[in-house]
Amino acid sequence: MATAVKGADYDVVIVGAGFAGMYMLHKLRGLGQKVRVIEAGDGVGGTWYWNRYPGARCDVESLEYQYAFSDDIQKGWKWSERYSAQPEILRYQNYVADKLDLRKDITFSTRVTSATYNEPNALWTIKTHKVDGSGGDTLQARFCIMATGCLSAARVPDFKGKDDFKGPTYHTGGWPHEGVDFTGLKVGVIGTGSSGVQSIPIIASQADHVTVFQRTANFTLPACNRPLKEEEIARSKEILLENRQQALKAPAGITCFKYNKKLAAEMLPEDLQKELQDRWELGGFAFLGAFGGVMTEKKSNDYAADYARSRMAASIKKPELVEKLLPNDHPIGVKRLCLDTNYLETFNDDHVELIDVRENPIERITEKGIVAGGKEYEVDAIVFATGFDAMTGAITSVDIAGRKGEKLKEKWAAGPRTYLGLGSAGFPNLFFITGPGSPSVLTNMIVSIEQHVDWITDCIARLTKGNIRSIEANRDAEDEWVAHVNEVASMTLYPQANSWYMGANIPGKTQVFMPYPGGLDLYGQKIAEVAGADYAGFELGA
Ligand code: N01
């Protein structure tokens, strides 16, 4: 059994047992580190543990949305559909946890409430609290790793009267494990991002009446989900490792489609149409790779957006809804695209009603329902598909204090400041997996997670071998990186939408583009160079 660094309970405490925390635990065990994972849920899974809403499904293809670090793990698992549904992904995570015997090093049903760095002994003091209120613990560790996920701090907007409603309310990001049966009910759904787009058709298939409150119409692309064929599953097993190497060289960590490098302006109109049509019919995010410049050049973006709107319009049978359901206030792709299975068609049914809350703002929630535009919509249940305090919320919900008691939350008040999305100056030995300032949510998360976990593992191995007590991002290097992330973002169309990428969904949150939009491939080269130069831009302390 591993023993911890002198004076500490553990070498490493990891916060979160989703895909990131699970793999991090496995890798650090391999280094002989003494590790403890603290997880708020009563099982592994992270995002896929919490987001059990009807219709929850991954928007990255199953054959790419899986770990690639172990041939044994991949050979023992078989995905059933092109895009996996939440229960199958959670089963996969439990299969991995069994296979690697991970649970014995995970403390479940427990939240980390604070993490405080002690300069004299270079240790983190980590306080935890049982979610049932039955007490907590205090742990000392050399390293603290936030594997808290980018979309895990679920958020219900502060609607006036939100506690007055007498019926049940649900947030898509904290769905009851036993499921919800909406049969015979009148349901109000607020929010039409990915979670709303996925859940509304299923809720509508059960409920008597559904009232959807939409603030922004989103671009939806057809998912074209289908069962996987035996031969593609077999082939994927042969090429997974090689494929992952290719994914690491791709901007979004995805290999199932290729980006056309030609700009729209360089293509003949008929070729342009054909490219868009082929990709639309293929389904998924391939559409955004139809030609170069879609995310940087308004004209190219307009071609793609116009085509998407024309195809979306064809699914909407009620003329009065066409304008409402078609997105017109932002370029395509700058808010996370939603993959659609029957979403727009759901509004063709008479028992599904759309309320545009820009025209008719939500005024309050009452005992019986939701008041918008002066009218009360009576409902039996309310579903909040209202999203997350993305990228930073789960990190800053822990009271993190670094050198000289500096609070991370205060440091990040004007936007997150990290070096490479991996560490933050003033907070030695604190790592983020897929933190703000890294490509994270703009990529296949599993590829980004493996990339970060491997990097952090090598870093901890180097520090341990060299008897180095601490590593800390240098402020100048951090300032340069933050400026670089902003500069790259300003060359794209991303800042042109009120998106959660920008923090715009949270009133009062500073609006700054949080993920790194320069591509996973270039980013991977950068972090490899930094490691190769003995962690250039970080200070190593004896
Ligand atoms: O959350 P969102 P989500 N009044 O923030 C609306 C990933 N994910 O849970 O757009 C009225 O996207 C808000 O309106 P607006 C994926 O990365 C992946 O759906 O801000 N409405 C919006 O319509 C995704 O992007 C998968 O104007 C309010 C909605 O609520 C991310 O998680 C599945 C409001 C929130 O949409 C988050 O998706 C699910 C207010 N006060 C999620 N506040 C897949 O893999 C917010 N809204 C497929």
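Right, let's walk through the structure included here.

What counts, and where the lines are drawn
Residues numbered from 1 in each chain as written. Predicted model: local features only at pLDDT ≥ 70, side-chain atom pairs only at ≥ 80, totals over all residues. Heavy atoms only, no water. Helix = DSSP H or I, 4+ residues; strand = E, 2+ residues; numbered from the N terminus. Rg over C-alpha atoms; globule rule 2.2 N^0.38 Å. Buried < 20%, exposed > 50% of the residue type's maximum accessible area, 1.4 Å probe, protein only. Areas by Shrake-Rupley, 256 points an atom, 1.4 Å probe, with all protein chains shown as cover. Lys, Arg positive; Asp, Glu negative; His and termini not counted. Charge placed at Lys NZ, Arg CZ, Asp CG, Glu CD. Near = heavy atom within 4 Å. Polar contact = N/O pair within 3.5 Å; in protein donor to acceptor, adjacent residues only side chain to side chain. Nonpolar A, V, L, I, M, F, W, Y, C, P; charged D, E, K, R; others polar. Contact = heavy atoms within 4.5 Å. Phe/Tyr/Trp six-rings, centres within 6.5 Å; stacked < 30°, edge-to-face > 60°. Lys NZ or Arg CZ within 6 Å of the ring centre and 35° of its normal. Pairing = 2+ DSSP bridges. Axes fitted to C-alpha atoms, helices over the stretch in contact; angles between N-to-C directions. Salt bridge = Lys/Arg side-chain N within 4 Å of Asp/Glu carboxyl O. Bend = angle between axes of the 7 residues up to and from the residue.

A short note on the overall build of the protein
Step number 1: When helices and strands are tallied, the protein shows 15 helices and 20 strands.
Step number 2: For 542 residues, the compact-globule formula gives about 24 Å, and the C-alpha radius of gyration of the protein, at 23 Å, lands near that figure.
Step number 3: C-alpha extents for the protein along the principal axes are approximately 70 × 60 × 45 Å.
Step number 4: Buried positions account for 59% of the 542 residues belonging to the protein.
Step number 5: With the model as given, the accessible surface of the protein reaches about 22200 Å², and the carbon-plus-sulfur share is 49%.
Step number 6: Of note, the protein has its 60 positive side-chain charges centred 4 Å away from the centre of its 69 negative side-chain charges.

Section: the site of the ligand
Step number 1: Taken together, 24 residues sit near the ligand, with Thr192, Ser195, Arg215, Thr216 and Lys335 positioned nearest.
Step number 2: In this structure, an oxygen atom belonging to the ligand sits 2.8 Å away from a side-chain N or O atom of Arg215.
Step number 3: When the free accessible area of the ligand is taken as 910 Å², the share hidden by the protein chains comes to 89%.
Step number 4: The leading source of residues in the shell around the ligand is helix α5 (residues 194-206), at three residues.
Step number 5: Considering only residue class, the shell around the ligand consists of nine nonpolar, nine polar and six charged.

Description of the environment of Met295
Step number 1: Here Met295 is to be found in the loop between α7 (269-282) and α8 (298-315).
Step number 2: What makes Met295 buried here is its relative accessible area of 18%.
Step number 3: Ignoring any residue separated from it by four or fewer positions in sequence, one finds Met295 in contact with Leu288, Ile332, Gly333, Val334, Thr492, Leu493 and Tyr494.

Some details on the packing of aromatic side chains
Step number 1: Inspection of every chain in the model, using the stated rule, returns 38 aromatic pairs.
Step number 2: Here the aromatic rings of Trp48 and Tyr65 are separated by 6.0 Å at their centres, their planes lie at 80 degrees, and the arrangement is edge-to-face. Highlighted residues: Trp48 in helix α2 (residues 47-50) and Tyr65 in the loop between α2 and α3 (71-75), separated in sequence by 17 residues.
Step number 3: For Trp48, a relative accessible area of 8% puts it in the buried group.
Step number 4: Here Tyr65 falls in the buried class, since its relative accessible area comes to 9%.
Step number 5: Grouped by ring-pair contacts, the aromatic residues Phe19, Tyr23, Trp48, Tyr65, Tyr67, Phe69, Trp77, Trp79, Tyr92 and Tyr95 constitute a single cluster.
Step number 6: The cationic tip of Lys34 hangs over the ring face of Tyr10; the distance from NZ or CZ to the ring centre is 5.2 Å.
Step number 7: Over the face of the ring belonging to Tyr49 we find Arg52, whose NZ or CZ atom lies 4.8 Å from the ring centre.

A closer look at the sheet that holds strand β7 (residues 169-171)
Step number 1: Read across the open sheet, the five strands follow the order β7-β16-β8-β9-β12; overall the sheet is parallel. Every interior strand has two partners, whereas the edge strands, β7 and β12 (352-356), have only one. Strand-to-strand twist across the sheet, computed as the mean angle between neighbouring axes with direction ignored, equals 20 degrees.
Step number 2: Sheet topology note: the strand β9 (residues 209-214)/β12 ladder contains five bridges and is parallel. Within β12, the position partnered with Phe213 by the bridge is Ile355.

Quick notes on unusual backbone geometry
A negative phi angle is the norm for most residues apart from glycine, just as the trans form is the norm for most peptide bonds.
Step number 1: Positive phi outside glycine occurs at Cys224, with the angle close to 50 degrees.
Step number 2: Among the structural elements, Cys224 can be located in the loop between β10 (220-222) and α6 (230-247).
Step number 3: Look at Asn467: it is not a glycine, yet its phi comes out positive at around 55 degrees.
Step number 4: Counting through the fold element by element, Asn467 comes out in the loop between α13 (445-465) and β19 (470-473).
Step number 5: By relative accessible area, Asn467 is classed as exposed at 66%.

Side note on the sheet that holds strand β13 (residues 362-365)
Within a sheet, neighbouring strands are paired by backbone hydrogen bonds and run either parallel or antiparallel to one another.
Step number 1: Across the sheet, which stays open at both edges, the three strands sit in the order β13-β14-β15 with antiparallel pairing between neighbours. Sheet topology places β13 and β15 (375-378) at the edges, where each strand pairs with a single neighbour. Geometrically, the sheet is characterised by an average inter-axis angle of 25 degrees between neighbouring strands, direction not taken into account.
Step number 2: Bridge analysis of strand β14 (residues 369-372) against β15 gives four bridges, and the strand direction is antiparallel. The partner of Val371 across the bridge, within β15, is Glu376.

Examining the pattern of salt bridges
Step number 1: This structure, assessed with the given rule, holds 33 salt bridges.
Step number 2: The residue Asp105 makes a salt bridge to Arg36 at a minimum N-O spacing of 3.9 Å. A residue pair is termed long-range when its members are at least 10 positions apart, and Asp105 in the loop between α4 (86-99) and β3 (106-107) and Arg36 in strand β2 (residues 35-38) qualify at 69 residues. In terms of burial, Asp105 and Arg36 fall into one category: buried.
Step number 3: Bridged by salt links that share partners, the residues Arg29, Arg36 and Asp105 form one connected network.

A few points about α6
Step number 1: The largest bend in α6 is about 60 degrees, located at Ile239.
Step number 2: Taken as a whole, α6 has its buried residues at Ile233, Ser236, Ile239, Leu240, Asn243, Arg244 and Ala247.
Step number 3: Close packing links the buried residues of α6 with α3, α13 and α15 (520-532).

Points about the side chain of Asn505
Step number 1: Structurally, the position occupied by Asn505 is in the loop between α14 (475-490) and α15.
Step number 2: When residues no more than four places from it in sequence are discounted, the contact partners of Asn505 are Arg155, Phe388, Ser499 and Trp500.

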